[in-house]
Amino acid sequence: MVGSDKMRISWITKAPDTPAIVKYGTSPGDYKFSSSGTINSYKYMWYQSDEIHEVVIGPLKPNTQYYYICGSEGQGPEYNLKTPPAQFPVNFVVTGDLGQTYWTKSTIEHIAKSTYDVLINPGDLSYADRIQPMWDSFGRLVEPQASRRPWMVTQGNHEVEKIPLVHSHPFTAYNTRWHMPYEESGSNSNLYYSFNVAGAHIIMLGSYVEFDEGSDQFKWLESDLSRIDRKRTQWVIVVVHAPWYNSNTDHQGESEADGMKAAMENLLFKARVDIVFAGHIHAYERFDRVYKEKLNKCGPVYINIGDGGNREGLATKYIEPQPNISKFREASFGHGQLLMVNGTQAQWTWHRNDDNEAITSDTIHLTALSSISSC
């Protein structure tokens, strides 16, 4: 998504003569509109990427099916996408730490069966881990869904891909392949940005870029939160990679989580953020509304959902006894869906991958904090 009525289409070709053009329309085979864009590539040690095309199309009508082709006619297949709605209801799918495994394939198949509008991923996409062709195989894996609905992502630790003295610039592949709409939200970095869908404001933060008070990201977050109009966007969602609350034994005591929480938790609480999604932990856990380690009816609900299907396996060990702020936790692969019914009510469901069906294992009803007078 790019702004309120545009979409960025990106694709990769080996052929050097493929133009950065997307032709599109609302009927199959009838492309009344055309947009052009840019071609880029990157080097990573001895790897040279193929040509990465980016084209922004629009203005587009909300909640509308479009059909499009990339490049010149006859060079590739026809794709189709549906734009998100401008009003409620709106349905988000949330899944993190995807990777490229059997469980990844299962998660994507389950997601494909849902009628979602936008996918949100809190980081750790391809698990390429410096093996650059795996970014290409990941693209082929997710293309059937990523070509049909907007995928909005942030970065995780597996996207850093920095090698001291050999490749000192982090996020090279991620920033080149996954261009998010940071410019439109006043950010100076592709690693943190925000966007609106219907009556929801979504903030994607970067756990692996400076976040302390005084940093560019902190200043941008403070400014972004101050501009929110809760009469227009009743819901506010924040997405990070490293979770601020976590009762799993994995990834305890990490500065990317604890430091970011110490720096930014107060900003989120004052802004009455409704939900904070995180990945990193390869399991599912839902916390109650929390602030400063304690139950607080005006704090965000924290949900860890780094269970998309990575190759490192599940994080099966939890701290016992279960903290009173932790309401549901399970080490299984799966995905979540957030259905915002209107400006005050939403339903969250977590779907476990089991027996080839998307089993609903956890569900809660949420009320937007903007509608609660005491908050």
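Use the structure listed above.
This is a predicted model, so every value here is computed, not measured.

Engineer: Just checking my understanding: could you explain helix α2 (residues 133-146) for this structure?
Structural biologist: Given 3.6 residues per turn, any residue in an α-helix points the same way as the ones three and four places further on. Under the 1.5 Å per step criterion, the end-to-end length of α2 is 18 Å for 14 residues, consistent within 8% with the ideal 20 Å. Along α2, the sharpest kink reaches roughly 35°, centred on Arg140 and followed within four residues by the proline Pro144. Restricting attention to buried positions, one finds in α2 the residues Trp135, Asp136, Phe138, Val142 and Gln145. Those residues of α2 that are buried are in contact with β1 (7-13), β6 (47-48), α1 (102-112), β12 (151-153) and α3 (172-177).

Engineer: Would you explain the sheet that holds strand β8 (residues 65-70) in this entry?
Structural biologist: The strands that make up a sheet are held in pairs by hydrogen bonds between backbone atoms, and each pair lies either parallel or antiparallel. Taken in spatial order, the four strands line up as β3-β2-β8-β9 in an open sheet, and their pairing is antiparallel. In this open sheet, the two strands that pair with only one neighbour each are β3 (33-36) and β9 (79-82). Adjacent strand axes in the sheet meet at a mean angle of 30° when their direction is disregarded. The pairing of strand β2 (residues 21-25) with β8 spans four bridges and is antiparallel. Bridge pairing links Val22 to Cys70 in β8.

Engineer: Would you explain the nonpolar core in this entry?
Structural biologist: Soluble globular proteins: nonpolar side chains tend toward being buried together. The biggest cluster of nonpolar side chains holds 97 residues, and the ones touching the most others in it are Phe92, Leu338 and Trp348. Ignoring any residue separated from it by four or fewer positions in sequence, one finds Leu338 in contact with Val90, Asn91, Phe92, Ile237, Ile275, Phe277, Ala346, Gln347, Trp348 and Leu366.

Engineer: Quick question: what am I supposed to make of the layout of surface pockets here?
Structural biologist: Over the atoms, a rolled probe matching the size of one water molecule traces out where space is still vacant. Counted as a void, the largest pocket has a volume near 1100 Å³. The biggest single contributor to the lining of the largest pocket is α2, with eight residues. Counted by class, the lining of the largest pocket contains 22 nonpolar, eight polar and nine charged residues. Of the volumes computed, that of the second largest pocket is approximately 710 Å³. Every residue lining the second largest pocket is counted, 29 residues in all, and those nearest its centre are Gly3, Ser4, Phe195, Asn196 and Val197. The biggest single contributor to the lining of the second largest pocket is strand β13 (residues 193-197), with four residues. Partitioned by chemical class, the residues of the lining of the second largest pocket number 13 nonpolar, eight polar and eight charged.

Engineer: How should unusual backbone geometry be read in this particular structure?
Structural biologist: Of all residues except glycine, most have a negative phi; of all peptide bonds, most are trans. For the bond running from Phe88 to Pro89, omega is 0°, close enough to zero to count as cis. Inspection of the secondary structure assignment puts Pro89 in the loop between β9 and β10 (90-94). The residue after Glu320, namely Pro321, is reached through a cis peptide bond having omega -5°. By the element assignment, Pro321 lies in the loop between β19 (301-305) and β20 (326-330). With a phi angle near 60°, Asp124 is a residue other than glycine that sits in the positive phi range. Take Asp124: it is sitting in the loop between β11 (118-121) and α2. By relative accessible area, which is 1% here, Asp124 ends up buried. Even without a glycine there, the phi angle at Arg130 is positive, about 85°. When you line up the elements, Arg130 lands in the loop between β11 and α2. A relative accessible area of 42% places Arg130 in the partly exposed class.

Procedures and definitions
Residues numbered from 1 in each chain as written. Predicted model: local features only at pLDDT ≥ 70, side-chain atom pairs only at ≥ 80, totals over all residues. Heavy atoms only, no water. Helix = DSSP H or I, 4+ residues; strand = E, 2+ residues; numbered from the N terminus. Expected span 1.5 Å × (residues − 1). Bend = angle between axes of the 7 residues up to and from the residue. Buried < 20%, exposed > 50% of the residue type's maximum accessible area, 1.4 Å probe, protein only. Contact = heavy atoms within 4.5 Å. Pairing = 2+ DSSP bridges. Axes fitted to C-alpha atoms, helices over the stretch in contact; angles between N-to-C directions. Core = buried A, V, L, I, M, F, W, Y, C linked by side-chain atoms within 4.5 Å. 1 Å grid on protein atoms, 1.4 Å probe; cavity = no way out; pocket = protein on both sides within 12 Å on 5 of 7 lines; lining within 4 Å. Points joined across faces, edges and corners; volume = space filled by probe spheres on them. Nonpolar A, V, L, I, M, F, W, Y, C, P; charged D, E, K, R; others polar.

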